[in-house]
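# Architecture and fold: a report
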Amino acid sequence: MKILVTGGAGYIGSVATEVLLRTGHTVLVFDNLQQGHAAAIEPGAAFVRGDLRDPAAIGATVQDFSPDAVLHFAANSLVGESMRDPFAYLGDNVVSALNLLRAMDAHGVKRIILSSTANLFADPLKMPIDEDERIIPGSPYGESKGIIERFLHWLSVTRGLRYACLRYFNAAGATERHGEDHNPELHLIPLVLKVALGQREKISVFGNDYPTPDGTCIRDYIHVEDLIDAHIRALGALDAGNRVYNLGNGQGFSVRQVIDAAERVTGRRIPVEISPRRPGDPAVLVAGSGKIKRELGWEPKIPDIDGIIRTAWAWHSRHPAGYGR
Ligand SMILES: NC(=O)c1ccc[n+]([C@@H]2O[C@H](COP(=O)([O-])OP(=O)(O)OC[C@H]3O[C@@H](n4cnc5c(N)ncnc54)[C@H](O)[C@@H]3O)[C@@H](O)[C@H]2O)c1
């Protein structure tokens, strides 16, 4: 297939591009490099530096490349930032998706996979969180993804679009070629590894008095290659119907367990500072991924936290300055 990857210079999009090229697809990366890295763009992919907020740029790209499908990763994706700057989310994320969908509609592109989020579920009634859970977005970020999910639904009804919404919990880990390098970095595993590398003094743990076995929050970490495997399976299944899946490991690990695993994997001590809880952080967030397992036969290949961290550590220790900013 010819696949347009928006955000293909970013963390998950670069791994998607790597795996798609490896499995024989043709890829064009569309990215404005606001967060991604030129060095993360796979050399085998075509690249257009463009901004999805610019309808002419994405329109011309879709027309020229004429993809069979789109993997839409490009977005602003920081929950906290979205509380301070809702326009970058309810505005830019939504407008970007709208421009992309308009371009796809104008040029007859009928398949899309959306990177959606666990932040749709701010007040879950049960854990693990499955697809029947009520949607109560936890921030303008989550709301922006929820709005885009609804766009996809209505474009399917009215225009025959085929779509999958994959609500990731926490993507983690690396391949040999690509790892996580955000600025600012707010994700636990790369932060912990920066402490192991001596680039940060300690790791802050926000609250150790949650109702969990060790008092720290529990989250669901899914290896980035397992995540992309789910995209490829969803893409293959789209013609048989639209897909909406919650995507995680199905098992949670506490912040303390992640730090302990990082100490085991790196062989280095990781000093911890206990800080107050952050408002809005639930004690436990774990995905129910039974539906995608049943329907698409998806199974995480690296489900254990040591295995996930080992891949991240291999990348970070080879790239201590990330992509070299
Ligand atoms: N990382 C996670 O754990 C996680 C969890 C849930 C959902 N997601 C979603 O997955 C997607 C990818 O996440 P990531 O961690 O790889 O993010 P990332 O920031 O590393 O990658 C996003 C890429 O999109 C590009 N981009 C952003 N806005 C753009 C625009 N207007 N035009 C063109 N390019 C633009 C950035 O430059 C960057 O390269 C995002 O949509 C995010 O919301 C990520």
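The model shown is predicted, which means the values in this text are computed figures rather than measured ones. (Residues numbered from 1 in each chain as written. Predicted model: local features only at pLDDT ≥ 70, side-chain atom pairs only at ≥ 80, totals over all residues.)

## Structural notes on the overall build of the protein chain
- Within the protein chain, the secondary structure is distributed over 10 helices and 14 strands.
- By the compact-globule yardstick of 20 Å for 325 residues, the protein chain fits well, its C-alpha radius of gyration being 19 Å.
- Once the C-alpha set of the protein chain is aligned to its principal axes, its extents read approximately 55 × 45 × 40 Å.
- Intrachain contacts of the protein chain at a sequence separation of at least 6 include 78% that bridge at least 24 residues. (Helix = DSSP H or I, 4+ residues; strand = E, 2+ residues; numbered from the N terminus. Rg over C-alpha atoms; globule rule 2.2 N^0.38 Å. Contact = placed C-beta atoms within 7 Å.)

## What to know about the sheet that holds strand β3 (residues 46-49)
- Here 7 strands make up an open sheet; going across it, the order is β3-β2-β1-β4-β5-β6-β11 and the pairing parallel. Every other strand in the sheet has two partners, leaving β3 and β11 (243-247) as the edge strands with one partner each. The sheet shows a mean angle of 15 degrees between the axes of neighbouring strands, taken without regard to direction.
- Two strands pair when backbone bridges link them, and strand β1 (residues 2-6) and strand β4 (residues 69-72) are joined in this way by 4 bridges, in the parallel orientation. Paired with Val5 across the bridge in β4 is Leu71.
- Set on the sheet, helix α4 (residues 87-106) makes contact with β1, β4 and β5 (111-117); between it and β4 the angle comes to about 175 degrees. (Pairing = 2+ DSSP bridges. Axes fitted to C-alpha atoms, helices over the stretch in contact; angles between N-to-C directions.)

## Here we look at the site of the ligand
- The environment of the ligand is made up of 26 residues, and the closest members are Gly7, Gly10, Gly36, Ser77 and Ser115.
- Elements that contribute at least two residues to the shell around the ligand include exactly α1 (11-22), β5 and β7 (170-172).
- A per-element tally of the shell around the ligand places α1 first, with 3 residues.
- Looking at the shell around the ligand, its residues break down into 10 nonpolar, 13 polar and 3 charged. (Near = placed C-beta within 6 Å. Nonpolar A, V, L, I, M, F, W, Y, C, P; charged D, E, K, R; others polar.)

## Let's talk about the nonpolar core
- One finds Leu166, Val192, Leu247 and Val258 to be the most contacted residues of the largest nonpolar core, which totals 90 residues.
- Residue contributions to this core reach at least three from each of two domains, namely domain 1 (2-171 + 221-247) and domain 2 (173-219 + 250-318).
- For Leu247, the contacting residues outside a window of four places in its chain are Leu166, Arg167, Tyr168, Phe169, Ile222, Leu227, Ala230, Ala287, Ser289 and Ile292. (Core = buried A, V, L, I, M, F, W, Y, C linked by C-beta atoms within 7 Å. Buried ≥ 20, exposed ≤ 12 C-beta atoms within 10 Å, placed from the backbone. Domains from an automatic or database assignment.)

## Notes on the packing of α1 against helix α7 (residues 224-237)
- Taken N-terminus to C-terminus, the directions of α1 and α7 make an angle of 60 degrees; their axes are 9 Å apart at the nearest point. By the angle between their directions, the pair α1 and α7 is classed as oblique. For the crossing formed where α1 meets α7, the hand is right-handed. Of the residues in α7, those in contact with Ile12, Val15, Ala16 and Val19 of α1 are Val224, Glu225, Leu227, Ile228, His231 and Ile232.
- Looking at the contact of α1 with α7, its residues break down into 8 nonpolar, 1 polar and 1 charged. (Parallel < 35°, antiparallel > 145°, perpendicular 65-115°, else oblique. Left-handed = near helix turned anticlockwise from the far one by under 90°.)

## So, the sheet that holds strand β9 (residues 218-219)
- Pairing in this open sheet of 3 strands is mixed, and the strands run β12-β9-β14 from one edge to the other. The open sheet has two edge strands with one neighbour each: β12 (253-254) and β14 (284-285).

## Looking at unusual backbone geometry
- With omega at -5 degrees, the peptide bond leading from Met127 into Pro128 counts as cis.
- With respect to the helices and strands, the residue Pro128 is situated in the loop between β5 and α5 (140-159).
- Omega for the bond connecting Asn183 with Pro184 falls within 30 degrees of zero, at 5 degrees, which places this linkage in the cis form.
- When you line up the elements, Pro184 lands in the loop between β7 and α6 (188-196).
- The phi angle at Leu33 is positive, at roughly 60 degrees, despite the residue not being glycine.

## Describing the confidence of the model for the protein chain
- Per-residue confidence for the protein chain gives a mean pLDDT of 96, with 100% of residues at or over 70.
- Mean pLDDT values for the elements of the protein chain range from 93 in β14 up to 99 in β1. (pLDDT = per-residue confidence, 0-100.)

## Some points on the pairing of β4
- Every second residue of β4 is oriented toward a common face, with Ala69 and Leu71 on one face and Val70 and His72 on the other, all of them buried.
- As defined by bridge partners, β4 adjoins β5 across 3 bridges and the pair is classed as parallel. Pairing of Leu71 across the sheet is with Ile113, part of β5.

## Overview of the domain arrangement of the protein chain
- When its domains are assigned, the protein chain resolves into domain 1 (2-171 + 221-247) and domain 2 (173-219 + 250-318).
- Placing a centre on the C-alpha atoms of domain 1 and another on those of domain 2 gives a separation of 23 Å.
- Contacts between domain 1 and domain 2 engage 31 residues on the former and 30 residues on the latter.
- Of all the secondary structure elements, the ones that give two or more residues to the side of domain 1 that touches domain 2 are α1, β10 (221-223), α7 and β11.
- Ranked by residue count, the leading element in the side of domain 1 that touches domain 2 is α7, at 8 residues.
- Per-class residue counts for the side of domain 1 that touches domain 2 are 17 nonpolar, 7 polar and 7 charged.

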